[in-house]
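Below, each chain spelled out in residue letters.
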Amino acid sequence: MAESKGTMSTLEEGLNALESIVTKLESGQMNIDDAIASYTEGMKLAASCKKSLDEMTQKITYAKEEAAKIIGTKNEEPSAYEDDVSFNPSEDEDQPPF
């Protein structure tokens, strides 16, 4: 578990640093050389954060698959349409909607 916590804290630190860089860049108070250096650093941080998120996603996917094997079910995501239970009244109100 220590590795996961380390990855998460690294991700949080990276995101905080990235947010700080974005704030500085958006302020418009930096000279062009500093802005380019900050942008470059921000892009490296963004790539690092994406890598961390991808690794976490892989771990979660693996854990779900292993749990599904133990439980004996498939690892299927619910369809987006299964959750949509909206009612669409028919044009003819005398007939049931089904």
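Residues numbered from 1 in each chain as written. Predicted model: local features only at pLDDT ≥ 70, side-chain atom pairs only at ≥ 80, totals over all residues. Heavy atoms only, no water.

Student: Just checking my understanding: could you explain the overall build of the chain for this structure?
Tutor: Scanning the chain from terminus to terminus reveals two helices and zero strands. Evaluated residue by residue, the chain yields a buried proportion of 13% over its 98 residues. The long-range share in the chain, meaning contacts at least 24 apart out of those at least 6 apart in sequence, stands at 53%. Counting every atom, the chain has about 8600 Å² of accessible surface; 56% of that belongs to carbon and sulfur. (Helix = DSSP H or I, 4+ residues; strand = E, 2+ residues; numbered from the N terminus. Buried < 20%, exposed > 50% of the residue type's maximum accessible area, 1.4 Å probe, protein only. Contact = heavy atoms within 4.5 Å. Areas by Shrake-Rupley, 256 points an atom, 1.4 Å probe, with all protein chains shown as cover.)

Student: When you look at helix H2 (residues 32-71) in this model, what are you seeing that I'm missing?
Tutor: For an α-helix, 3.6 residues make a turn, and residues three or four places apart therefore share a direction. With 40 residues, H2 ought to run about 58 Å at 1.5 Å a step, and its terminal C-alpha atoms sit 57 Å apart, in line with that. All of the buried residues in H2 are Ala35, Ser38, Gly42, Leu45, Cys49, Ser52, Met56 and Ala68. Between the side-chain oxygen of the N-cap and the backbone nitrogen of Asp33 there are 3.1 Å, and the N-cap of H2 in question is Asn31. Positive phi appears at Gly72, one or two residues downstream of H2, with a value of about 90°. (Expected span 1.5 Å × (residues − 1). Polar contact = N/O pair within 3.5 Å; in protein donor to acceptor, adjacent residues only side chain to side chain.)

Student: What exactly am I supposed to notice about the side chain of Ser38 here?
Tutor: Mapping Ser38 onto the fold places it in helix H2. The buried category is assigned to Ser38, whose relative accessible area is 12%. Residues within four places of Ser38 in sequence aside, it is in contact with Ile21, Leu25 and Met30.

Student: Please clarify how the pattern of salt bridges should be interpreted in this entry.
Tutor: Once their charged atoms are close, side chains differing in charge can pair, the charge on each being opposite to the other. Enumeration according to the criterion identifies two salt bridges in this entry. Among the salt bridges present, the one from Lys50 reaches Asp54, with a minimum N-O distance of 2.8 Å. A residue pair is termed a helical-turn pair when its members lie 3 or 4 positions apart in one helix, as Lys50 and Asp54 do in helix H2 at four residues. A salt bridge links Glu66 to Lys69, with the nearest nitrogen and oxygen atoms 3.2 Å apart. Here the residue Glu66 and the residue Lys69 both occupy positions in helix H2, the gap between them amounting to three residues, near one helical turn. Of the residues examined, Lys69 reaches a relative accessible area of 62% and is grouped as exposed. (Salt bridge = Lys/Arg side-chain N within 4 Å of Asp/Glu carboxyl O.)

Student: Got a minute to help me understand the environment of Leu25 in this structure?
Tutor: In this fold, Leu25 is placed in helix H1 (residues 2-27). Linking Leu25 and Ile36, residues 11 residues apart in sequence, is a C-alpha distance of 9.3 Å. The residues contacting Leu25, other than those within four sequence positions of it, are Met30, Ala35, Ser38 and Tyr39.

All we've got here are geometric facts, nothing functional implied.
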